[in-house]
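A closer look at the structure
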Amino acid sequence: MNETYARWFRASTPYIRAHSGRTFVVMLGADALDSDNAVNIVHDLALLHVLGVRLVVVHGADVESDGPVNSGHLGDIQAAVAMARSKLESLFTTGIPLSPLRDRHIPLAGGNLVTARPIGVVDGIDQLAAGTVRRVHVDVIRDLLGADSVVLISPVGYGTTGATYALRVEPLAAHVAGDLGADKLIVYDAVGRIADRSDLNTRELAQVRAGWEHDARTARRVDALDDACRRGVPRAHLIGFDDDGVLLRELFTAEGAGTQVGDGDYRVIRRAVPADASAIAELMRPLEASGALATRPADLVERGIDSFFVAELDGALTGCCALFPLDADAAELACLVGGDAVGPRLLESVEQAARASAVRRLFALTTQAADWFLEHGFAKTSVDALPVDRKALYNYRRNSLVLVKELN
């Protein structure tokens, strides 16, 4: 446990430094606030604040605007918003229990930070007090953040005539994040990942959504992610509100725990350079300890660095592999480290490099990952199928399975 914690802390340190001073907008819907995990969610948000993140929380309420909002419905929405706001204020007041920071007071600030206007008539129907954002008072919000406050924004806005309008929380959160120039929009939902993907760009998001089953509420939240990215927010995240600690895993680990969406492809696959050698050795070490990879000393990695590829995310290496030539038309894929988001991208890059070198057969030896290779186009073969020199080095004590992929 101590070794696992130490490894996690070392890996998270670059993210702690990178996130400090950044502005994150977090959307908490009524379902997240009503979940059994709501207390832990707020404690994690409080921890972000203590770590130096400038935090804006856009919250929902149990009664929402859906269609025309008459005066009675507006009163119900205002009452529900007041209850949700009160709950958040009470939870943030507890600080971070069970830690030395439990006495740290976290001030919350809010008010008339969003000017709204009526939606008006839609398909011939007057939407009455249902509104949309006219202006986010960015300068005021930034001043409050600069004063070390967490800013709360509720799903109601006020018109220039003093009228009150009910706002949908999802477009409100995207609008606030975009106008504020936030570094991230983080949206909590009952669904923890979009189509079981850890990262998508906006083009891929549109493709994935076409075949992905989800309810209307989740659809609105995915729309908010896409809208925020198109408004210039670099990263938007969907995470599950039932999973304790998911926010910390999403923000402070390379693989994350939800789905990260961006308007570009921010995960880089590249050739390794000598400065990557020690990080590659660290990536492989846990798999070497488990027996999944054969042990390869760091100095051997450094000497063969030209054969390695790495996956990089936010400046941190998240995966690696190597392409070792075997004979004129065969090569070996080795030292593969990467999760579901990284492994296929590494394989694709290796295959492109292999084809460019006139390689027609790609071999892989594995003790524990045969299923993954089979899923990605490899087929089982025998040790005798290996080129002569590689066959002579085969370790019969490891008894690795031999797989091969014919490259077109």
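Just so it is clear, the structure is predicted and the values come from calculations on it, not from any experiment.

Rules behind the numbers
Residues numbered from 1 in each chain as written. Predicted model: local features only at pLDDT ≥ 70, side-chain atom pairs only at ≥ 80, totals over all residues. Heavy atoms only, no water. Helix = DSSP H or I, 4+ residues; strand = E, 2+ residues; numbered from the N terminus. Contact = heavy atoms within 4.5 Å. Areas by Shrake-Rupley, 256 points an atom, 1.4 Å probe, with all protein chains shown as cover. Lys, Arg positive; Asp, Glu negative; His and termini not counted. Charge placed at Lys NZ, Arg CZ, Asp CG, Glu CD. Pairing = 2+ DSSP bridges. Axes fitted to C-alpha atoms, helices over the stretch in contact; angles between N-to-C directions. Parallel < 35°, antiparallel > 145°, perpendicular 65-115°, else oblique. Left-handed = near helix turned anticlockwise from the far one by under 90°. Nonpolar A, V, L, I, M, F, W, Y, C, P; charged D, E, K, R; others polar. Salt bridge = Lys/Arg side-chain N within 4 Å of Asp/Glu carboxyl O. Buried < 20%, exposed > 50% of the residue type's maximum accessible area, 1.4 Å probe, protein only. Expected span 1.5 Å × (residues − 1).

1. A few points about the overall build of the protein
Each helix and strand counted, the protein has 14 helices and 21 strands in total. Across its three principal axes, the protein shows a C-alpha extent of roughly 85 × 55 × 35 Å. In the protein, the share of contacts with a sequence separation of at least 24, taken over all contacts with a separation of at least 6, comes to 72%. Carbon and sulfur atoms provide 50% of the accessible area of the protein, an area that totals close to 19,200 Å². Looking at charge distribution, the protein has the averaged site of its 42 positive side-chain charges lying 4 Å from that of its 54 negative ones.

2. Notes on the sheet that holds strand 12 (residues 199-201)
Within a beta sheet, neighbouring strands are joined by backbone hydrogen bonds and run either parallel or antiparallel to one another. Pairing is mixed in the open sheet, where eight strands are placed in the order 3-8-2-1-11-13-14-12. The open sheet has two edge strands, strand 3 (108-109) and strand 12, and neither has a second partner. Note that strand 11 (residues 184-189) and strand 13 (residues 235-240) share six bridges and pair parallel. The residue bridging Leu185 from the neighbouring strand is Ala236, located in strand 13. Strands strand 1 (23-28), strand 2 (54-59), strand 8 (150-153) and strand 11 of the sheet are contacted by helix 3 (residues 38-50), whose axis makes an angle of about 170 degrees with strand 1. Contacting strand 1, strand 2, strand 3 and strand 8, helix 5 (residues 138-146) crosses the sheet at an angle of about 125 degrees to strand 2.

3. A word on the packing of helix 7 (residues 202-210) against helix 8 (residues 216-230)
It is at 11 Å that the axes of helix 7 and helix 8 come closest, and there the two elements cross at 160 degrees. The angle between the axes of helix 7 and helix 8 places the two elements in the roughly antiparallel class. Our pair here, helix 7 against helix 8, has a crossing hand that is left-handed. Contacts between helix 7 and helix 8 involve Thr202, Leu205 and Arg209 on the former and, on the latter, Ala219, Val222, Asp223, Asp226, Cys229 and Arg230. Residues belonging to the contact of helix 7 with helix 8 are distributed by class as follows: four nonpolar, one polar and four charged.

4. Quick word on the pattern of salt bridges
Using the criterion set out here, one finds 25 salt bridges in the structure. Asp199 is paired through a salt bridge with Arg345; the nearest N and O atoms lie 2.9 Å apart. Taken together, the residues Asp199 in strand 12 and Arg345 in helix 12 (residues 343-356) connect sequence positions 146 residues apart. Arg345 matches Asp199 in its accessibility class, with the two residues each being buried. A salt bridge links Glu312 to Arg270; its shortest N-O distance comes to 3.4 Å. With Glu312 in strand 16 (residues 308-313) and Arg270 in strand 15 (residues 267-271), the pair connects residues that are 42 residues apart, well separated along the chain.

5. Concerning the pairing of strand 1
Among the six residues in strand 1, six count as buried, and that is most of the element. Side chains Thr23, Val25 and Met27 of strand 1 all project onto a buried face; the interleaved residues Phe24, Val26 and Leu28 project onto the opposite face, where all are buried too. Across six bridges, strand 1 lies against strand 2 in parallel orientation. Looking at strand 2, one finds that Val25 is bridged to Val56.

6. Side note on helix 10 (residues 277-290)
An ideal rise of 1.5 Å per residue puts 20 Å on 14 residues; helix 10 measures up with 21 Å between its terminal C-alpha atoms. Within helix 10, burial applies to Ala277, Ile280, Ala281, Leu283, Met284 and Glu288. Positive phi shows up at Gly291, right after helix 10, with a value of about 90 degrees.

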